[in-house]
Amino acid sequence: DVKVTQSSRYLVKRTGEKVFLECVQDMDHENMFWYRQDPGLGLRLIYFSYDVKMKEKGDIPEGYSVSREKKERFSLILESASTNQTSMYLCASSSGLAGLQYFGAGTRLSVL
Amino acid sequence: QKEVEQDPGPLSVPEGAIVSLNCTYSNSAFQYFMWYRQYSRKGPELLMYTYSSGNKEDGRFTAQVDKSSKYISLFIRDSQPSDSATYLCAMNSGGYQKVTFGTGTKLQVIP
């Protein structure tokens, strides 16, 4: 079974803090993704990566950055957290032509 | 117009009912069609996927794709309270392109 592990289930941070969300997958997948999920808005793609040290902007990259130093690990960074970044963050990985994505359990982030 | 449209529900059905969940899409390049199930406060899990048009069955679940109408469906037979979740459709054109997700339909199966 594919396993995608997100480092925290719940996080509470203060406005202006730098926040790191970590994601690790154990299936040697090339592709990794970060989404945020908000009620009524569905999944929105923040950043994705097709290879180590590669990154591509998704639909809503503003206020976020990413790092992929190793194939199995993809980190999402909130440079200066703001209250409008309170959300559920989901990491996913995929491989192959069909692009089937496998998700982690999610991190529910609250920025106060 | 969104690329993928999905009725948000909620959809409430009695236990044992047949459930039909649907999505429409506009991009004729989509070739791979997926259904995800997401329980409250959890990540989405891949239920089924199909390539191009046709049906695929897995236990109580049947996925159907009609590319001529740009319409996909997920049928759940003999629905159970444990099927209560949000169901997301997803699709892509292959070739390592991004996946486009519907916003999800919330299903509640009443015992």
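Heads up: the structure comes first, above all this text.
The paragraphs below set out a description of the structure included in this document. (Residues numbered from 1 in each chain as written. Chains lettered and ligands numbered in written order. Predicted model: local features only at pLDDT ≥ 70, side-chain atom pairs only at ≥ 80, totals over all residues. Heavy atoms only, no water.)

## Side note on the pattern of salt bridges
Enumeration according to the criterion identifies eight salt bridges over all chains in this entry. Close ionic contact of Arg44(A) with Asp38(A) constitutes a salt bridge, the shortest N to O distance being 2.8 Å. The salt bridge partner of Arg77(B) is Glu57(B), with a shortest N-O separation of 3.5 Å. With Arg77(B) in the loop between strand S8 (71-76) and strand S9 (85-92) and Glu57(B) in strand S6 (residues 54-58), this pair connects stretches of sequence that are 20 residues apart. (Salt bridge = Lys/Arg side-chain N within 4 Å of Asp/Glu carboxyl O. Helix = DSSP H or I, 4+ residues; strand = E, 2+ residues; numbered from the N terminus.)

## Some points on the interface of chain B and chain A
In many analyses, interface size is given as the accessible surface area lost on bringing the parts together. Taken together, the contact between chain B and chain A spans 20 residues of the former and 26 residues of the latter. The contact between chain B and chain A buries some 1800 Å² in all, and 59% of this surface belongs to carbon and sulfur atoms. Joining chain B to chain A, the criterion identifies zero salt bridges. Taken together, the links from chain B to chain A amount to five residue pairs in polar contact (both at pLDDT 80 or more). The set of elements that each furnish at least two residues to the side of chain B that touches chain A consists of strand S4 (32-38), strand S5 (45-51) and S9 of chain B. For the side of chain B that touches chain A, the element with the highest residue contribution is S4(B), accounting for four residues. Tallied by class, residues from the side of chain B that touches chain A come to ten nonpolar, seven polar and three charged. (Contact = heavy atoms within 4.5 Å. Buried area = accessible area lost by both parts, 1.4 Å probe. Polar contact = N/O pair within 3.5 Å; in protein donor to acceptor, adjacent residues only side chain to side chain. Nonpolar A, V, L, I, M, F, W, Y, C, P; charged D, E, K, R; others polar.)

## Notes on the sheet that holds strand S7 (residues 61-66) of chain B
Residues and elements named next belong to chain B. Reading across from one edge, S1-S3-S8-S7-S6 is the order of the five strands in this open sheet, with antiparallel pairing throughout. Where the open sheet ends on each side, the last strands, each with one partner, are strand S1 (4-6) and S6. Neighbour-to-neighbour, the strand axes of the sheet open up by a mean angle of 15°, direction not taken into account. Alignment of strand S3 (residues 19-25) against S8, held across six bridges, turns out to be antiparallel. By the bridge assignment, Leu21 is partnered in S8 with Leu74. (Pairing = 2+ DSSP bridges. Axes fitted to C-alpha atoms, helices over the stretch in contact; angles between N-to-C directions.)

## A word on the state of the cysteines
Here, the word disulfide means a covalent bond between the sulfur atoms of two cysteines. Residue and element names in this part refer to chain A. Here the structure, examined in full by the defined rule, presents two disulfides over all chains. A sulfur-sulfur distance of 1.9 Å marks the disulfide that ties Cys23 to Cys91. On the S-S bond that ties Cys23 to Cys91, the torsion sits near -75°, and the link is left-handed. One end of the pair, Cys23, is in strand S3 (residues 19-25); the other, Cys91, is in strand S9 (residues 87-94), with 68 residues separating them in the sequence. The buried category is assigned to Cys23, whose relative accessible area is 0%. (Disulfide = S-S within 2.5 Å. Buried < 20%, exposed > 50% of the residue type's maximum accessible area, 1.4 Å probe, protein only.)

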